[in-house]
Amino acid sequence: MATVFEMIINGEIPSTRLYEDESCVVILDINPIAKGHALVISRECYPTFTDVPMETLSHMMEVARMVDKKQREVLGAEGTNVMINNSPASGQEVPHLHIHVVPRYTGDGKTPAFPKGKYDDGEISKYGDLLKL
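This structure is a prediction, so every number in the text was calculated from the model and none was measured. (Residues numbered from 1 in each chain as written. Predicted model: local features only at pLDDT ≥ 70, side-chain atom pairs only at ≥ 80, totals over all residues. Heavy atoms only, no water.)

A. Main features of the overall build of the protein. When its secondary structure is counted, the protein shows three helices and five strands. Across the protein, helices and strands are ordered from the amino to the carboxyl terminus as α-β-β-β-α-β-β-α. Considering only C-alpha atoms, the protein reaches an extent of 55 × 40 × 25 Å along its principal axes. Burial statistics for the protein: of 133 residues in total, 32% are counted as buried. Once local pairs closer than 6 in sequence are excluded, the contacts in the protein between residues at least 24 apart make up 54%. Of the accessible surface of the protein, which amounts to about 9100 Å², a share of 56% is contributed by carbon and sulfur atoms. Distance between charge centroids for the protein: 8 Å, based on 13 positive and 19 negative side chains. (Helix = DSSP H or I, 4+ residues; strand = E, 2+ residues; numbered from the N terminus. Buried < 20%, exposed > 50% of the residue type's maximum accessible area, 1.4 Å probe, protein only. Contact = heavy atoms within 4.5 Å. Areas by Shrake-Rupley, 256 points an atom, 1.4 Å probe, with all protein chains shown as cover. Lys, Arg positive; Asp, Glu negative; His and termini not counted. Charge placed at Lys NZ, Arg CZ, Asp CG, Glu CD.)

Given below as structure tokens:
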């Protein structure tokens, strides 16, 4: 079954397109965190960040930079959140790679989505050892 993004890309579901090329499509999110919230969507359906070829991911990130620049120039955004929710445990709702670019403003009342935690004594070095590349 096709994802909602495949249906949007194929023109089966209407969208407000901001940009498109051979690798990706950029649309406005219909449930925005802030007005102007855009999604950079891969044309090919890669379920997660780890499934996409690096060439495509690099291109999508460059397009996300273009969206960021436009949001700052036209909307006066003072910052952006650029996010990839990678798998359902992270909040990914559509199993099709997409990058959120959300315009942000000082005092906009939107707090970070991630509460900060702490490591127990000695725990940070254990995680460091486990995660070294």
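B. The arrangement of the nonpolar core in detail. Membership of the largest hydrophobic core comes to 14 residues, with the highest contact counts inside it found for Val26, Val40, Met60, Val67, Leu97, Ile99 and Val101. Of all the elements in the fold, those that place two or more residues in this core are strand S2 (24-28), strand S3 (38-42), helix H2 (54-75) and strand S5 (98-104). Setting aside residues no more than four positions away along its own chain, Ile99 makes contact with Ala38, Leu39, Val40, Met60, Met61, Ala64, Val82, Met83 and Ile84. (Core = buried A, V, L, I, M, F, W, Y, C linked by side-chain atoms within 4.5 Å.)

C. Seen up close, the side chain of His96. Within the element layout of this structure, His96 appears in the loop between strand S4 (79-83) and S5. Residue class for His96 comes out buried when judged on its relative accessible area of 0%. Within polar-contact distance, the side chain of His96 engages the side chain of Thr3 at 3.1 Å. Of the polar contacts made by the side chain of His96, one reaches the backbone oxygen of Ser42; its length is 2.6 Å. (Polar contact = N/O pair within 3.5 Å; in protein donor to acceptor, adjacent residues only side chain to side chain.)

Structural measurements only, silent on function.
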